[in-house]
Amino acid sequence: MALQAEYRSALQAALLVAAKKYSAGPPQLLTQICLALSALVLRAVELKKPVEQIFGSLSETQVHGMYSHAILELLTVLPEEVIEENVVNVLVDSDRRWHFRQELLSHVDIVLDFLLHQAKVEIALKSEMHEKHRKVLRGLLSWVRVGCFLEIPQSSLPSHPLLGFVFDSLLVPILFDLAIEVLIELVNRHEVLPQTLLLRMEWFEEALLLPAIDLKNDHAVGGLACLFSEIGQSAPMLIAAGSREAFILTDAVLRCLTYSKHDLEIADSTLNFWCTIIEFILGLNNKGEKEEAVSAFIPVFTVLLDALFCKAMVSDYSAQELDGTGHLPDDLLGFRRNLEELLTNICCFLGPREFLMKVLNGPWTTLDSELSLAMVEVRLFTLNTVAVVLENEQHLDFSIILQLITAMRTTHIDVSSKLLHLVHKSAAEVVGSFSKLLCSSTTVVLPVLSFLASGMQIPIAASSSAIALRKLCEEVPFLADDESNLKGLLWIGQGLHDMGLTLNEEADVVSAIGTVLALISNEELLNVSLNQLLEPSYKAIEALLKLDIDDSMKQNPAVYSATLEAAVRAVTRLGLILRHLSVANKPYKSSESPILNVLCLFWPMLENLLASHHMKHSSLAAAVCRSLSFIIQASGQQFLPLLSEVMVALCRNFTSVQASEYFIRTATVCLEEFGDKEELGSIFIRTLNSFTEAEIILSMNSSYACDQDPDIVEAYMGFTSMFISCCPKNVIAAAASLVEISFKKATIWCTAMHRGAGLSALSYMMCLLEAGTSCLLAPIAATQELSVGDLCLRICVECGESAICGVIYALLGVSAMTRVHKAATVLQQLAAICHLSENTNWKLKLGWRALQAWLTNVVHALPSEYLRPGEAEQLIPSWLKAMESASSDYFHKIASSGDLKADCGRSLKRVVREFADSHRHTAPSFTFM
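Under an unreviewed UniProt entry, the name given to the protein is Exportin-1/Importin-beta-like domain-containing protein, and the source organism is Ceratopteris richardii.

Below, the structure written as structure tokens:
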């Protein structure tokens, strides 16, 4: 603090005088004076016992009896300086705060006596007396928070006169809030208080709660609910004991929960009370005590469940607030979210069967009023909430849900459509959660499918219905065995283009259908089903191909946008169906498998799409490439005749239509499927050349440029890594110049701020260095392996220093810690290659001295602000030593296990991690060229 000691003392004296002067007001000014005085005392490090001096001054003031307001205000703010929740004085030394706290607590007796004296002072004017008592309660609250009652025997606390004063204050409306706060603090801090308050529960209920409920005093009911909840949470063992007072408390909390239809905040404040009691009882170790407690409280939680139904139900008031799509109002939605844990606990407490019986006891099929609909909806919500408990139970009777579904399909219900749609949504969620139990036989599947199909046409229920359909098809394997069920499912699929679902909802539906089709073993039936299902998709794609993009956009852009959207969805559906068929991977007797039939119909359309100007739309490009990837994976060798055309189309679109990562990713799938075939090497080399020579790749010569299109960088590096991993060695050797260009790019791109781009570049570097090392270490190296080994050596000579430079800058950038493993592996591989070169003709250019020179040049070239003073001199020898050790680990690992993917040496990984960690918050941003 800037003030000298003598000035600080003078300021303290002046503040005391000011406090006395303004003791009678204004209150805000008095508070600010006292805050300044307490902050000053806290920081007066030269004073051994500053609080004692303050209290000496206060005792002199108290003699005159004129300045009690000032004393009370100062007593209120002094403890606040050291209360842990107070973050104002974070700059004050913690040791200083501790000593200040201890000195405060040494005056507890004086303070409590003073507060008690002020509480007993008789003032003729009631308003002034209540104001005085309010200040006493504020002061008491601050001292309770600092731990004043911990300084007295705990057995004397229940009979302390100040506690009686707090109880009396509960009966005074203006003092009620503060009195509740004091009691809640006491309950949280003192084990004897819950028992004390529990013994007074009859008084609390009769003197405070029931009058507050009769008067509809929301404020008082809410305060009491918080206090009662704290009692239960602080001492659940007292409640679980089942005393008369314990049941009075549970009755009081129930009254608070059910108070007012529209006030969910009070009910919300009681939920933790019930959860704590249930969890304590269920956690009892003594079997007899547990059974006794469960038996005693089953009636309580049965009544509670009914109360929760009423509270979580869509009331008339809530129904009016349902928005345009029928969503619940925010307060009810939040209450239900908070209710989930309690409902699950009650289900565990009552037992699944008893709980289910209780939930299903409602007007499930009498849907003739909004009240009955609301009662059904809240029970559906409850069932879905406790699904995690009920789903593993066997032989539960859900026939009433099927009756509800039938009634909703066949009965005209003359109620609010919003509420009816909400019931539809909740029922669909229950179908999704209990599909295996609901659809135990084929005869009930079709009505459920019809119900879900109708739900997909209701905006609020569409997502739930689509998810439910997917779960149903995943969990009910016999669905495909019944012809009528299959027809119903295909009917849903054919109508997708008219339902207006979102892409995610549509994906759920298509995945559901694909899952069932993948289970069909009859080849003829599967072919017929696929043709029937995909016909609308074929038509949507053909409709787009018939449009001339320029004329359509000019004449009727709305029609073109709708046609494009329909085609995108159609292509996406085709891809998803084929993905599921590829997962099934069944052999078929005929030469034309279902997948091949689809391919024959679909490929000409895809070929035309790839050649069209429509591909400039990224949504279509993404859908086409994704579906093409699924086709390649599904058809396998059957796709081979089309490979050359596909790769040409992908390259043409990437270089001429739009530079999108989708085309590279699909080419990577082709490479993964067919890259091992030597005869196809020329196709993949041409593809790599097209991507590498593309303008966007050529222009990325800095980390900044890389960060502008990180997805393309990630896709390109993925393709090159797959090229090295999958292609035969002679194919890699034939693409030597392209491989070297890609490596040079990777040494720059690994410094990108974008984590995915940087990591993919490091992965490519690792992949190439590993391939080269494996060739060099091969026992009997063939000519093609030697050529790849020589390629790797030549690249290291040309780019070794750049690689080390890129790795170090990558460790200085953002998300550096995520790159530690790959960076250390690259350094280890470089060290291993340099070690191998020691006994070859490459020694002069690529030996250990070359590695030392690279590292030295890179470190000395770093801008001065990147390293701490003297760090460069320490870094070079420590890294070289760690790299030498790592290269030895590499060869030892290979010699012992034959594993070419050797782990990084521990010492190298440690120094790399320490370097990255120490520069996380110090390295400036940079653009690496």
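(A) Looking closely at the overall build of the protein. Of the regular secondary structure elements, the protein holds 50 helices and zero strands. Relative to its full complement of 929 residues, the protein shows a buried share of 54%. Once local pairs closer than 6 in sequence are excluded, the contacts in the protein between residues at least 24 apart make up 76%. When the accessible surface of the protein is summed, it comes to about 41,100 Å², and 52% of that surface belongs to carbon and sulfur atoms.

(B) Region of the structure containing the pattern of salt bridges. Within this structure, the stated rule accounts for 21 salt bridges. A salt bridge links Asp306 to Lys358, with the shortest nitrogen-to-oxygen separation between them at 2.9 Å. One end of the pair, Asp306, is in helix α17 (residues 287-312); the other, Lys358, is in helix α20 (residues 352-359), with 52 residues separating them in the sequence. Notably, a salt bridge pairs Glu535 with Lys539, separated by 3.5 Å at the nearest N-O pair.

(C) Spotlight on the packing of aromatic side chains. For the structure on display, the rule yields 16 aromatic pairs. Seen from their ring centres, Phe273 and Trp274 are 4.9 Å apart, and the 85 degrees between their planes marks the pair as edge-to-face. Trp274 shares its class with Phe273; the two are buried. Within the aromatic cluster, the residues linked to one another by ring pairs are Phe247, Phe273, Trp274, Phe297, Phe301 and Phe349. Positioned above the aromatic ring of Phe381 is the side chain of Arg336, whose terminal nitrogen or guanidinium carbon lies 4.6 Å from the ring centre.

(D) Spotlight on unusual backbone geometry. The phi torsion at Lys216 lies on the positive side, around 55 degrees, for a residue other than glycine. Positionally, Lys216 belongs in the loop between α11 (201-214) and α12 (218-234). Residue Lys216 is classed as exposed on the basis of its relative accessible area, which comes to 63%. We note that Ser815 has phi near 50 degrees; this positive angle belongs to a residue other than glycine. Inspection of the secondary structure puts Ser815 in the loop between α45 (783-812) and α46 (820-837).

(E) Up close: the nonpolar core. If you look at the biggest cluster of nonpolar residues, it comprises 324 residues, and the most contacted ones within it are Phe204, Phe228, Leu383, Ile401, Leu517 and Phe723. Here this core takes 15 residues from α45, the largest share from any one element. In contact with Phe204, not counting residues within four places along its chain, are Phe167, Leu170, Leu183, Leu197, Leu209, Leu224, Leu227 and Phe228.

(F) Summary view of helix α7 (residues 126-146). In a regular helix each residue adds 1.5 Å, so 21 residues correspond to 30 Å; α7 covers 30 Å between its end C-alpha atoms and thus fits that length. Among the residues trailing α7, Gly147 stands out with phi positive, at a value near 100 degrees.

(G) Geometry of the environment of Cys226. Along the chain, Cys226 turns up in helix α12. For Cys226, a relative accessible area of 34% gives the class partly exposed. Sequence separation between Cys226 and Ile184 is 42 residues; the distance between their C-alpha atoms is 8.0 Å. Beyond its immediate stretch of four places on either side in the chain, Cys226 contacts Ile184 and Ser269.

(H) A look at the packing of helix α24 (residues 417-433) against helix α26 (residues 445-455). Packing of α24 against α26 leaves a shortest axis separation of 10 Å and a crossing angle of 135 degrees. The angle between the axes of α24 and α26 places the two elements in the oblique class. Crossing of α24 over α26 shows left-handed handedness. Listed contacts from α26 to His424, Ala427, Ala428 and Val431 of α24 are Val448, Phe451, Leu452, Ser454 and Gly455. Here the residues of the contact of α24 with α26 sort into six nonpolar, three polar and no charged.

(I) Representation of the side chain of Arg336 within the structure. Tracing the sequence through the fold places Arg336 in helix α19 (residues 330-350). With sequence-adjacent residues up to four places away left out, Arg336 is seen in contact with Ala312, Met313, Val314, Leu328, Glu377, Val378 and Phe381.

(J) Highlighting the side chain of Thr76. With respect to the helices, strands and loops of the structure, Thr76 is situated in helix α4 (residues 68-77). Relative accessible area serves as the criterion here: at 2%, Thr76 is assigned to the buried category. Of the polar contacts made by the side chain of Thr76, one reaches the backbone nitrogen of Gly139; its length is 3.4 Å. Apart from residues no more than four positions distant in its own chain, Thr76 is found in contact with Lys135, Arg138, Gly139 and Ser142.

(K) Structural detail: the environment of Ile492. With respect to the helices, strands and loops of the structure, Ile492 is situated in helix α28 (residues 483-494). In contact with Ile492, other than residues within four places in its own chain, are Leu449, Ala453, Met456, Leu469, Met499 and Val509.

(L) Main features of the state of the cysteines. As enumerated under the stated definition, the model contains zero disulfides in all. Not part of a disulfide, Cys726 finds its nearest cysteine sulfur in Cys727, a span of 6.7 Å.

(M) Structural detail: the packing of α11 against helix α14 (residues 244-258). Relative orientation of the contacting elements α11 and α14 amounts to 15 degrees, with a least axis distance of 10 Å. Comparing their axes, α14 and α11 come out roughly parallel. Note that α11 runs across α14; the crossing there is left-handed. Contacts between α11 and α14 involve Met201, Glu202, Glu205, Leu209, Leu210 and Ile213 from the former and Arg244, Glu245, Ile248, Leu249, Asp251, Ala252, Arg255 and Cys256 from the latter. Taken together, the residues of the contact of α11 with α14 sort by class into eight nonpolar, no polar and six charged.

(N) Seen up close, α46. Taking 1.5 Å per residue as the helical rise, α46 with its 18 residues ought to reach 26 Å, and the 26 Å between its terminal C-alpha atoms agrees with that figure. Here α46 lies mainly inside the structure; 14 of its 18 residues are buried.

(O) Representation of the environment of Cys148 in the model. Looking at the secondary structure, you find Cys148 in the loop between α7 and α8 (161-169). In this structure, the C-alpha to C-alpha distance between Cys148 and His107, residues 41 residues apart in sequence, is 9.1 Å. Once you skip the residues sitting within four places of it in the chain, Cys148 turns out to touch Leu105, Val108, Leu112 and Trp143.

What counts, and where the lines are drawn
Residues numbered from 1 in each chain as written. Predicted model: local features only at pLDDT ≥ 70, side-chain atom pairs only at ≥ 80, totals over all residues. Heavy atoms only, no water. Helix = DSSP H or I, 4+ residues; strand = E, 2+ residues; numbered from the N terminus. Buried < 20%, exposed > 50% of the residue type's maximum accessible area, 1.4 Å probe, protein only. Contact = heavy atoms within 4.5 Å. Areas by Shrake-Rupley, 256 points an atom, 1.4 Å probe, with all protein chains shown as cover. Salt bridge = Lys/Arg side-chain N within 4 Å of Asp/Glu carboxyl O. Phe/Tyr/Trp six-rings, centres within 6.5 Å; stacked < 30°, edge-to-face > 60°. Lys NZ or Arg CZ within 6 Å of the ring centre and 35° of its normal. Core = buried A, V, L, I, M, F, W, Y, C linked by side-chain atoms within 4.5 Å. Expected span 1.5 Å × (residues − 1). Axes fitted to C-alpha atoms, helices over the stretch in contact; angles between N-to-C directions. Parallel < 35°, antiparallel > 145°, perpendicular 65-115°, else oblique. Left-handed = near helix turned anticlockwise from the far one by under 90°. Nonpolar A, V, L, I, M, F, W, Y, C, P; charged D, E, K, R; others polar. Polar contact = N/O pair within 3.5 Å; in protein donor to acceptor, adjacent residues only side chain to side chain. Disulfide = S-S within 2.5 Å.

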